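Each chain, written out:
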Amino acid sequence: MGSMGNFFDSVGSFFSGGDKIPWCERDVIVGCEKEVKESTTNGDSEDKKKESIMRLSWALVHSRQAEDIQRGIDMLEASLATSSPPLEDREKLYLLAVGYYRTGDYSKSRHLVERCIQIQPDWRQALVLKKTIEDKIAKDGVIGIGITATAVGLIAGGIAAALARKK
């Protein structure tokens, strides 16, 4: 019986899209926004401003709200336009990949995470995200094939029923 439970759990996670990417709640985003505002009004160092902006970007792309995710993507793309050390870019690329994954743009997400892996081939977080993206693409493909096969079956069944009635 235990193996049947495991089977249903795995099928359930297959259809629910149970990925391993964390979510961020609204109160955390509000706290990060406040931190960014304070760092710019208090005359904090550039490094401290960058850190608070990165935390806000992280929170936004991990949000459940589409508009937050898009705002995070926009912030990260704007900050990538200014040149940074490769490790800083790696973080931004990773967060962009998460953002695009959350919006359903899996090909763009995969491209960005592959750029992260080029910068640091053994970065576990990026490798896990890449597998998550590939699993999602494969799952969507399997579901698409299933929907197509069902539609073809229904059409064939309808044609067969219509032909049977004519005879």
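Residues numbered from 1 in each chain as written. Predicted model: local features only at pLDDT ≥ 70, side-chain atom pairs only at ≥ 80, totals over all residues. Heavy atoms only, no water.

## Brief notes about the packing of aromatic side chains
Turning to step 1, where the next piece is worked out: Tallied over the entire structure, the rule returns two aromatic pairs.
Turning to step 2, where the next piece is worked out: When the centroid spacing of 5.1 Å and the interplanar angle of 55 degrees are considered together, the rings of tyrosine 94 and tryptophan 123 count as tilted. On the criterion of sequence distance, the pair formed by tyrosine 94 in helix α5 (residues 86-103) and tryptophan 123 in the loop between α6 (106-119) and α7 (124-166) is long-range, its members being 29 residues apart. Per residue, the accessibility class of tyrosine 94 equals that of tryptophan 123, and both read buried.
Turning to step 3, where the next piece is worked out: The positively charged end of arginine 90 is found above the aromatic ring belonging to tryptophan 123, 3.8 Å away from the centroid.
Turning to step 4, where the next piece is worked out: The positively charged end of arginine 102 is found above the aromatic ring belonging to tryptophan 23, 3.6 Å away from the centroid. (Phe/Tyr/Trp six-rings, centres within 6.5 Å; stacked < 30°, edge-to-face > 60°. Helix = DSSP H or I, 4+ residues; strand = E, 2+ residues; numbered from the N terminus. Buried < 20%, exposed > 50% of the residue type's maximum accessible area, 1.4 Å probe, protein only. Lys NZ or Arg CZ within 6 Å of the ring centre and 35° of its normal.)

## Here's the deal with the confidence of the model for the protein
Turning to step 1, where the next piece is worked out: Of the residues in the protein, 81% have a pLDDT of 70 or more, and the chain-wide mean is 83.
Turning to step 2, where the next piece is worked out: Within the protein, the element-level pLDDT minimum falls on helix α1 (residues 2-16), averaging 41, and the maximum on α6, averaging 95.
Turning to step 3, where the next piece is worked out: Note that pLDDT drops below 50 for residues 1-17; the model gives that stretch eight contacts with residues more than four away or on any other chain. (pLDDT = per-residue confidence, 0-100. Contact = heavy atoms within 4.5 Å.)

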